[in-house]
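Here are the chains, one letter per residue:
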Protein chains: 2
Amino acid sequence: MRLSRSFIPTMKETPAEAQITSHRLMLRAGMVRQTSAGIYAWLPLGLRVLKNIERLVREEQDAAGAQEVLMPTIQPAELWKESGRYEDYGKEMLRIKDRHDRDMLYGPTNEEMITDLFRQSVKSYRELPQILYHIQWKFRDEVRPRFGVMRGREFLMKDAYSFDIDHAGAVQSYRKMMLAYMRTFQRIGLKAIPMEADTGPIGGDLSHEFIILAPTGESQVYYDATFEEMDYLSAGAGGFSHESAEDLERFFKAMTTQYAATDEKHDATKWAMIDAPRKREGRGIEVGHIFYFGTKYTKSMGVRIAGADGKPVHPEMGSYGIGVSRLVGAVIEASHDEAGIIWPDSIAPFKAVILNLKRGDAACDALCEALYAKFAGTALYDDREDRAGVKFADADLMGHPWQVVVGPRGAAAGRVELKRRATGERVELTPDEALARIG
Amino acid sequence: MRLSRSFIPTMKETPAEAQITSHRLMLRAGMVRQTSAGIYAWLPLGLRVLKNIERLVREEQDAAGAQEVLMPTIQPAELWKESGRYEDYGKEMLRIKDRHDRDMLYGPTNEEMITDLFRQSVKSYRELPQILYHIQWKFRDEVRPRFGVMRGREFLMKDAYSFDIDHAGAVQSYRKMMLAYMRTFQRIGLKAIPMEADTGPIGGDLSHEFIILAPTGESQVYYDATFEEMDYLSAGAGGFSHESAEDLERFFKAMTTQYAATDEKHDATKWAMIDAPRKREGRGIEVGHIFYFGTKYTKSMGVRIAGADGKPVHPEMGSYGIGVSRLVGAVIEASHDEAGIIWPDSIAPFKAVILNLKRGDAACDALCEALYAKFAGTALYDDREDRAGVKFADADLMGHPWQVVVGPRGAAAGRVELKRRATGERVELTPDEALARIG
């Protein structure tokens, strides 16, 4: 993408309405614009990050055997009256009347609807287990929306729902999703910690929230060093497979026996018993939440399927959420410096930015164009007629992992400067060496 | 995907509520389920098709130089009061009050919002031309929603908006989008014809709708044979490039000088002047609509940018829509037979289905598993414990382009039967030959 023709409106000034780092940087980098209180439009740079995160979330859901569906945003109120949650949800639910005066709502979550789809179609234990997920916009009418996409009213969520014939199956599904989540966050470049949590309005008796570490995070967290050392992606010995019940048990044990708590749930007595060198404290942000709630919805909504002995059974359910749009902000809270964002390679909007320090200089222009063509769409080309200082500042602000700096002297000598955003390290290379380094 | 564990609830009976072919087949093949009047959940099989179409639409928008953004579904009423369309839209607009009693709405289209985003950021003619698009759910509160996803209330639309400094630029953008549309429809496997249209509530003075040919289409169409003969994808001599103004002019001329009209606009006098062998009649379905409306919104919403001479100018706009979810139904109307759907290869949910005619037979199971592994996710495996007749019927109903039929005698001899859904042609081959044929 050529920056001169791109809809990437960067800002020099920090907008007054933005109270937290990620909100400020997302506005300044031209990633999003607010269209109503707590509602955002995603501009090209922001959308690329959102879609990269969505892709990693999807890949790990698929790898865990979950099937993707897509439920609509607008739901009928009847389903929520059936489960008994229509009144519970209060003013956070955006309630709507259609032209025929029917009660509708903008879905804040989908337990009722997925249970309804399930009961229409699944008749026998033979069709289980199933995990269904979708990645769809949700709405929660927060009374004071703020913190940008971290707490928006319209937000993108991945929510999954598991259906099992018994408790043992449901526990297996819960562990599978927990592993999928840890893999997802690791691939996004985040350190995540599952923490036991209250079940709230979803209900049920087992629940974990996933906190990622970020220096500017919203809560204080206390945890054992184990969580910093784990590798959820390694496949060999010591790794974890979704397919192996033993692996899942070992994984779940590792996640639930080591100390981890937010300040709300912090237990000073237990904390005191941990070896000092294993103690870690930091700030964290909640980015996911999983629930096992058994037959809560299958009972209230009258869902029964044939069990192995032919008798009708209420299937056991769990639900599993990741805040996809929230993660964009959370990654920035976890990875930035004074100059701007530092994208992890896996979700960066572009691999690299090419900085043409002297537009109109024949050697600079030719070298930049040649490089840009070789990147085949994976690089942003700063071809604006602007001062070098503006380009350096915008490149740091936007946070591309690599900067390829092309100046007139270097271009004449067939050299570029390659800067790694995360470390600030700079080296002079030939263009081909730079491309090889970026990979 | 293994069918025994998939959420693909096929139905033998035709649901009573479905009046048209695509609606019947989408319900029977387990692609969608209605969740409220005119609102659908997309189940795994349907979602795969929807996403394939979305991908082709996106690729052609990107190839034409359009930039992807993502605007929210919920919009503030103020923007529509500013343009003067808030009252015009009537009861089709889903109007909402949030918890602070502010007037909001579920966007039926996005001219106002994109114009607002543009005016916040773009200041100079140097940043033009720009074409911005998004693929997002829309809502139109139809009084009697019917015909399944062909006329749903919540529907997925690709809408693009062009901004140019003058009329000549706007015409160029209009032609680019028209070419992108014809390429998109050809890649989806459809015969499309652009027809001059009324501008309706969008306004403006140039508009075309895109009709695709389908035997069960909603309107009668009359057109010159030229449209059946054109190839929009060929790149060589006679082909059309987005980048060449001459190509775009030649393309636009070809599209607008040959006769094409729906029965509403049919002109018997003009029709009589066409050579009989060039006359074509058929049924068609509208799947896209493009508009040039100049400064309608930039004037009403007070958008000015600096022109080349430094004087402020109202940019010229166009808007360009494709009904993405509607296209799923439209393709089925265009491509089906008595037994079910016939997917074009480019958008099929799976390349192939593997039919295991005798589950439990060691040779059948082993051969099917080996084939399934080789397809690496691109095939559906019908591993259900069901009669062969059920599997044949479901395979034809779901419409996968290829069927790989594995029976016990063939498996013992290392042979499979390969059936092409579109032609019914069957051949006996080794598994490797079958894989090579499918490609």
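What you see is a predicted model, and the numbers here were worked out from it, not measured in a lab. Here, residues in each chain are numbered from 1, in the same order as that chain's written sequence. Ligands are numbered from 1 and chains lettered from A, in the order in which they are written. At least 70 in pLDDT is required for a residue's local features to be given in this predicted model, at least 80 for side-chain atom pairs to be given and counted, and no such filter applies to totals for whole chains, interfaces and linings, which use all residues.

Enquirer: Provide a residue-level description of the overall build of chain A, including the pertinent values.
Expert: What chain A contains, in helices and strands, is 14 helices and 23 strands. To get the radius of gyration, use the C-alpha atoms; to get the globule rule, take the number of residues to the power 0.38 and multiply by 2.2 Å. Against the 2.2 N^0.38 benchmark of 22 Å for 439 residues, chain A shows a C-alpha radius of gyration of 24 Å, consistent with a compact globule. Projected onto the principal axes, the alpha-carbon positions of chain A cover approximately 80 × 60 × 40 Å. For chain A, the proportion of its 439 residues judged to be buried stands at 49%. Residues are scored as being in contact if the C-beta atoms we place from backbone atoms lie within 7 Å. Put simply, of all contacts in chain A between residues at least 6 apart along the chain, 74% involve residues at least 24 apart. Helix and strand definitions follow DSSP, with helices as H or I runs of at least four residues and strands as E runs of at least two, each counted in order from the N terminus. Working definition of burial: number of other C-beta atoms within 10 Å of the residue's own, with buried at 20 or more, exposed at 12 or fewer, and partly exposed in between, all C-beta atoms being placed from the backbone.

Enquirer: Outline the interface of chain A and chain B, supporting the account with residue identities and numerical values.
Expert: Contact with chain A, which involves 41 residues of that partner, is made by 41 residues of chain B. Split into classes, the residues belonging to the side of chain A that touches chain B amount to 24 nonpolar, 9 polar and 8 charged. Classes in brief: Ala, Val, Leu, Ile, Met, Phe, Trp, Tyr, Cys and Pro nonpolar; Asp, Glu, Lys and Arg charged; the others, Gly included, polar.

Enquirer: Give a description of the environment of A:F118 that names residues and reports values.
Expert: Residues and elements named next belong to chain A. Relative to the helices and strands, F118 is located in helix α4 (residues 111-121). Between the C-alpha atom of F118 and that of G321, which follows or precedes it by 203 residues, the distance is 19 Å. Aside from chain neighbours lying at most four places away, what touches F118 is F163 and V303.

Enquirer: Account for the sheet that holds strand β5 (residues 94-97) of chain A, naming residues and giving values.
Expert: Residues and elements named next belong to chain A. Strand pairing requires that DSSP identify at least two bridges connecting the strands. Taken together, the 3 strands give an open sheet; going across it, the order is β4-β6-β5, and neighbouring strands pair in antiparallel fashion. Edge strands, defined here as strands with exactly one partner in the open sheet, are β4 (74-76) and β5. Across the sheet, the mean angle from the axis of one strand to that of its neighbour is 35°, orientation sign disregarded. Sheet topology places β4 next to strand β6 (residues 103-106); 3 bridges connect them, and they run antiparallel. By the bridge assignment for β6, Q75 is matched with L105. For helices, the fitted line uses only the C-alpha atoms of the stretch in contact; every axis is such a line through C-alpha atoms, and the angle between N-to-C directions lies from 0 to 180 degrees.

Enquirer: Give a detailed account of the environment of B:K81, specifying residues and quantitative values.
Expert: Among the secondary structure elements, B:K81 is positioned in helix α3 (residues 77-83). Residues B:K81 and B:K374, 293 residues apart in the sequence, show an inter-C-alpha distance of 57 Å.

Enquirer: Would you mind going over the confidence of the model for chain A in detail, with residue names and values included?
Expert: In this model, chain A carries an average pLDDT of 95, and 99% of its residues clear a pLDDT of 70 or more. Under the prediction, the complex receives an ipTM of 0.96, its pTM being 0.97. Confidence scores per residue from the predictor, reported as pLDDT, run from 0 to 100.

Enquirer: Just give me the short version of the nonpolar core, but keep the residues and values in it.
Expert: Counting 264 residues, the largest nonpolar core has A:I212, A:V404, A:V406, B:I212, B:V404 and B:V406 as the members making the most contacts within it. Here A:I212 is in contact with A:F185, A:L190, A:K191, A:A192, A:G284, A:I285, A:V287, A:A330 and A:A334, once residues within four sequence places are set aside. A set of buried Ala, Val, Leu, Ile, Met, Phe, Trp, Tyr and Cys residues, joined through C-beta atoms within 7 Å, is what we mean by a nonpolar core.

Enquirer: Tell me about the relation of the copies chain A and chain B, residues and numbers included.
Expert: The copies were overlaid with a least-squares fit restricted to C-alpha atoms from residues scoring a pLDDT of at least 70 in each copy. Superposition of chain A onto chain B requires a rotation of 180° combined with a translation of 0.0 Å along the rotation axis, giving an RMSD of 0.0 Å. Between the two chains, the operation in question is that of a two-fold axis. Taking C-alpha positions as reference, the residue of chain A nearest the rotation axis is A:I96, located at 2.9 Å. A high fraction, 100%, of the interface residues of chain A reappear at the interface in chain B, so the copies pair face to face through one surface.

Enquirer: Account for the sheet that holds strand β20 (residues 379-382) of chain B, naming residues and giving values.
Expert: Residue and element names in this part refer to chain B. Pairing within the open sheet is mixed, and its 5 strands lie in the order β20-β19-β21-β22-β23. Whereas interior strands pair on both sides, the edge strands pair on one side only; in this sheet they are β20 and β23 (426-429). The mean angle between the axes of side-by-side strands here comes to 20°, regardless of whether they run parallel or antiparallel. Of the pairings in the sheet, the one linking strand β22 (residues 416-420) to β23 comprises 4 bridges and is antiparallel in character. Within β23, the position partnered with E417 by the bridge is E428. Sitting on the sheet, helix α14 (residues 431-438) touches β19 (352-356), β21 (402-406), β22 and β23, and the angle it makes with β22 is about 20°.

Enquirer: Summarise unusual backbone geometry; cite the residues concerned and give the values.
Expert: Note that the residue after A:L128, namely A:P129, is joined by a cis bond; omega there is 0°. Topologically, A:P129 is positioned in the loop between α4 and β7 (130-139). Phi is positive for A:D101, which is not a glycine, with a value near 70°. The residue A:D101 is located in the loop between β5 and β6 in this model. The backbone of B:A376 sits at a positive phi, close to 50°, despite the residue not being glycine. Looking at the element boundaries, B:A376 is found in the loop between α11 (362-375) and β20.

Enquirer: Could you give me a rundown of the packing of helix α5 (residues 167-188) of chain A against helix α7 (residues 245-257) of chain A, with the residues and numbers involved?
Expert: Residues and elements named next belong to chain A. Close contact between α5 and α7 brings their axes to 10 Å; oriented N to C, the two are set at 70°. By the criterion of interaxial angle, the relationship of α5 to α7 is roughly perpendicular. Relative to α7, α5 is oriented so that their crossing is left-handed. Mapping the contact onto sequence places Q172, R175, K176, M178 and L179 in α5 and A245, L248, F251, F252 and M255 in α7. Here the residues of the contact of α5 with α7 sort into 7 nonpolar, 1 polar and 2 charged. Comment on the angle field: the value is read as roughly parallel under 35 degrees, roughly antiparallel over 145, roughly perpendicular from 65 to 115, and oblique elsewhere. Here is the rule for handedness: rotate from the far helix to the near one, and if that takes an anticlockwise turn smaller than a right angle the crossing is left-handed, while a clockwise turn gives right-handed.

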